[in-house]
Amino acid sequence: MSRAYNFSAGPATLPEAVLRQAQAELLEFGDAGASIVELSHRGAEFMEVAQRTEAELRALLSIPDDYAVLFTAGGATTVQALLPLNFAHPGQRCDYVLTGHWGRTAVKQAAAVVDVHIAASSEATGFDRIPADADWQLSKDAAYVHVTANETIHGVEFRDVPTTGDVPLFADFSSSIASEPLDVSRYGAIYAGAQKNLGPVGITVLIVRRDLLQRAGQPRADIFDYGLQLAAGSMLNTPPSWNWYMLGLTVRWMLDEGGVTEFAARNARKAATLYRAIDGSGGFYRNAVDPPVRSRMNVPFFLHDASLDGAFLAGAREAGLIGLKGHKVVGGMRASIYNAMPEAGVQALAAYMADFMHERG
Ligand SMILES: *Cc1c(COP(=O)(O)O)cnc(C)c1O
């Protein structure tokens, strides 16, 4: 077996320990006589998995009691569509700050049912920065302000929690949740598809201040109602139980490794190694993002000569480094270096980049 270092943005690399445990438990979970994925979600075994996963996620992220945690299917994009239905009334003003592709996606999901107002955007400069606070045009009567904590494609990450007064701040943390300590109390809602930093694709975490669930929202089916979903323990219908179980294993692995403080330190070292390889290449590689807000999770970079891209990717594959092709929206390369990416993987990538440059530079 030869597992490569996998820099894919999502679905993304998982900790080997998690995959091994899932493998060991695949045929029989404990002494249940069946796999967890074959058992009723209402049975004792799965209920325990679900409850422990929530308790351990609460411990990992220090989630206060006045916040509910929901586990939902449909991915982060579905949450983007359901936030306006649950937390804004029809046609109500909602503020969006655009710092990359996923902010734009969030706007598309909301635009049909609320009055989307772009309070700030860095689109004019190619999403290479976070717009300065002074340039944000927030609406007093907005239902919420939406930001993307880390833009997975453009590689831009908030370093400070924006201040939005009495208007609750909603944040898409799909690609940076659990990458560093998080002050949940500063947010109205935080959501994350699991497939970047929390486990396999197929389940999404929504952390929401409980009082916001009292809002009437808009006419919607029960299945789209977060208040009803909470009352049903995120099991209004059959939940993605395998994904929930895998998310639980991943969260426990993060706690065992030392929690978010430890990952913040590792992630800072990994990002520094990679940006040093880019910035120190004399222009052979480049990343155009404003340095203070460069993402520590997703590092997009370009070769000075795009005709070398194919050779770079082929050589990387040979060196056991996969998933480096950039997203089609921006092109070039992208290295996603989530919590499950070992430091040795980033060092191997930096070494390969130096070798390739010396051969081709
Ligand atoms: C991947 C991603 C999404 C989309 O997630 P889906 O689960 O595919 O809907 C949304 N926002 C961000 C920041 C992402 O990284």
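Please refer to the structure placed before this passage.
The sections below set out a description of the structure shown in this document. Note that the structure is predicted; figures quoted are calculated from it, not measured. (Residues numbered from 1 in each chain as written. Predicted model: local features only at pLDDT ≥ 70, side-chain atom pairs only at ≥ 80, totals over all residues. Heavy atoms only, no water.)

A few points about the overall build of the protein chain
Stage number 1. Helices and strands together make up the secondary structure of the protein chain, namely nine helices and 14 strands.
Stage number 2. Expected size for 361 residues packed as a compact globule is a radius of gyration near 21 Å; at 21 Å, the protein chain falls within 12% of this value.
Stage number 3. Counting only C-alpha atoms and orienting by the principal axes, one finds that the protein chain spans roughly 60 × 55 × 30 Å.
Stage number 4. Expressed as a percentage of the 361 residues in the protein chain, the buried residues total 55%.
Stage number 5. In the protein chain, 67% of the contacts between residues at least 6 apart in sequence involve partners at least 24 apart.
Stage number 6. Working note: accessible area of the protein chain is about 15200 Å², and carbon and sulfur atoms make up 51% of it.
Stage number 7. Mean positive and mean negative side-chain charge positions of the protein chain (30 and 39 charges, respectively) differ by 4 Å. (Helix = DSSP H or I, 4+ residues; strand = E, 2+ residues; numbered from the N terminus. Rg over C-alpha atoms; globule rule 2.2 N^0.38 Å. Buried < 20%, exposed > 50% of the residue type's maximum accessible area, 1.4 Å probe, protein only. Contact = heavy atoms within 4.5 Å. Areas by Shrake-Rupley, 256 points an atom, 1.4 Å probe, with all protein chains shown as cover. Lys, Arg positive; Asp, Glu negative; His and termini not counted. Charge placed at Lys NZ, Arg CZ, Asp CG, Glu CD.)

Some points on the side chain of Asn-197
Stage number 1. Within the element layout of this structure, Asn-197 appears in the loop between β9 (189-193) and β10 (204-209).
Stage number 2. Within the structure, the side chain of Asn-197 is placed 2.9 Å from the backbone oxygen of Ile-177, a separation counted as a polar contact.
Stage number 3. A polar contact of 2.9 Å, which involves the side chain of Asn-197, links it to the backbone nitrogen of Asn-339.
Stage number 4. Residue contacts for Asn-197: discarding those within four places in its chain leaves Ser-174, Ser-176, Ile-177, Ala-178, Ser-179, Thr-250, Met-254, Met-297, Tyr-338 and Asn-339. (Polar contact = N/O pair within 3.5 Å; in protein donor to acceptor, adjacent residues only side chain to side chain.)

Here we look at the nonpolar core
Stage number 1. Ranked by internal contacts, the top residues of the largest apolar core, which has 57 residues, are Leu-57, Leu-61, Leu-198 and Ile-207.
Stage number 2. Of the residues forming this core, the biggest block, eight residues, is contributed by helix α6 (residues 241-257).
Stage number 3. Judged by nonpolar contacts, the second largest core, of 27 residues, contains Ala-76, Val-79, Val-107 and Val-114. (Core = buried A, V, L, I, M, F, W, Y, C linked by side-chain atoms within 4.5 Å.)

A few points about the sheet that holds strand β3 (residues 93-98)
Stage number 1. Taken together, the seven strands give an open sheet; going across it, the order is β2-β10-β9-β8-β5-β3-β4, and neighbouring strands pair in mixed fashion. The open sheet has two free edges, formed respectively by β2 (67-72) and β4 (115-121), since each of these has just one partner strand. Each adjacent strand pair in this sheet contributes to an overall mean axis angle of 20 degrees, direction not counted.
Stage number 2. Pairing of β2 with β10 involves six bridges; the strand directions are antiparallel. By the bridge assignment, Leu-70 is partnered in β10 with Leu-206.
Stage number 3. Where helix α3 (residues 75-87) meets the sheet, it contacts β2, β5 (145-148), β8 (169-172), β9 and β10, and its direction lies at approximately 25 degrees from that of β10.
Stage number 4. Each of β3, β4, β5 and β8 touches helix α4 (residues 101-110); the most contacted strand, β3, lies at about 160 degrees to it. (Pairing = 2+ DSSP bridges. Axes fitted to C-alpha atoms, helices over the stretch in contact; angles between N-to-C directions.)

Observations concerning the site of the ligand
Stage number 1. Lining the immediate environment of the ligand, one finds Gly-75, Ala-76, Thr-77, Trp-102, Thr-148, Asn-150, Thr-152, Asp-172, Ser-174, Ser-175, Gln-195 and Lys-196.
Stage number 2. At a separation of 3.1 Å, an oxygen atom of the ligand approaches a polar backbone atom of Ala-76.
Stage number 3. Side-chain polar atom of Asp-172 to a nitrogen atom of the ligand: 2.6 Å apart, as the coordinates give it.
Stage number 4. Contact with the protein chains covers 87% of the free accessible surface of the ligand, which is 390 Å².
Stage number 5. When residues of the shell around the ligand are assigned to their parent elements, the largest contribution, three residues, is made by α3. (Near = heavy atom within 4 Å.)

What about the packing of aromatic side chains?
Stage number 1. In the structure shown here, the tally under the stated rule is 19 aromatic pairs.
Stage number 2. Here Phe-46 and Trp-244 contribute two aromatic rings whose centre-to-centre distance is 5.5 Å and whose plane-to-plane angle is 85 degrees, an arrangement assigned as edge-to-face. Separated by 198 residues along the polypeptide, Phe-46 in helix α2 (residues 44-61) and Trp-244 in helix α6 bring together distant segments of the chain. For the pair shown, Phe-46 and Trp-244 are each scored as buried.
Stage number 3. Ring centres of Phe-87 and Phe-170 lie 5.5 Å apart, and the angle between their planes is 80 degrees; this geometry places the pair in the edge-to-face category. Note that Phe-87 is positioned in helix α3 and Phe-170 in strand β8, a separation of 83 residues in sequence. Both residues of the pair, Phe-87 and Phe-170, belong to the buried class.
Stage number 4. Pairwise contacts between aromatic rings join Phe-284, Tyr-285, Phe-301, Phe-312, Tyr-352 and Phe-356 into one cluster.
Stage number 5. Positioned above the aromatic ring of Phe-263 is the side chain of Arg-266, whose terminal nitrogen or guanidinium carbon lies 5.0 Å from the ring centre. (Phe/Tyr/Trp six-rings, centres within 6.5 Å; stacked < 30°, edge-to-face > 60°. Lys NZ or Arg CZ within 6 Å of the ring centre and 35° of its normal.)

A closer look at the packing of helix α1 (residues 16-25) against α6
Stage number 1. Taken N-terminus to C-terminus, the directions of α1 and α6 make an angle of 135 degrees; their axes are 9 Å apart at the nearest point. Judged by the inter-axis angle, α1 sits oblique to α6. In terms of crossing hand, the pair formed by α1 and α6 is right-handed. Contact residues: α1 offers Ala-17, Val-18, Leu-19, Gln-21, Ala-22 and Glu-25, while α6 offers Trp-242, Tyr-245, Met-246, Leu-249, Thr-250, Arg-252 and Trp-253. (Parallel < 35°, antiparallel > 145°, perpendicular 65-115°, else oblique. Left-handed = near helix turned anticlockwise from the far one by under 90°.)

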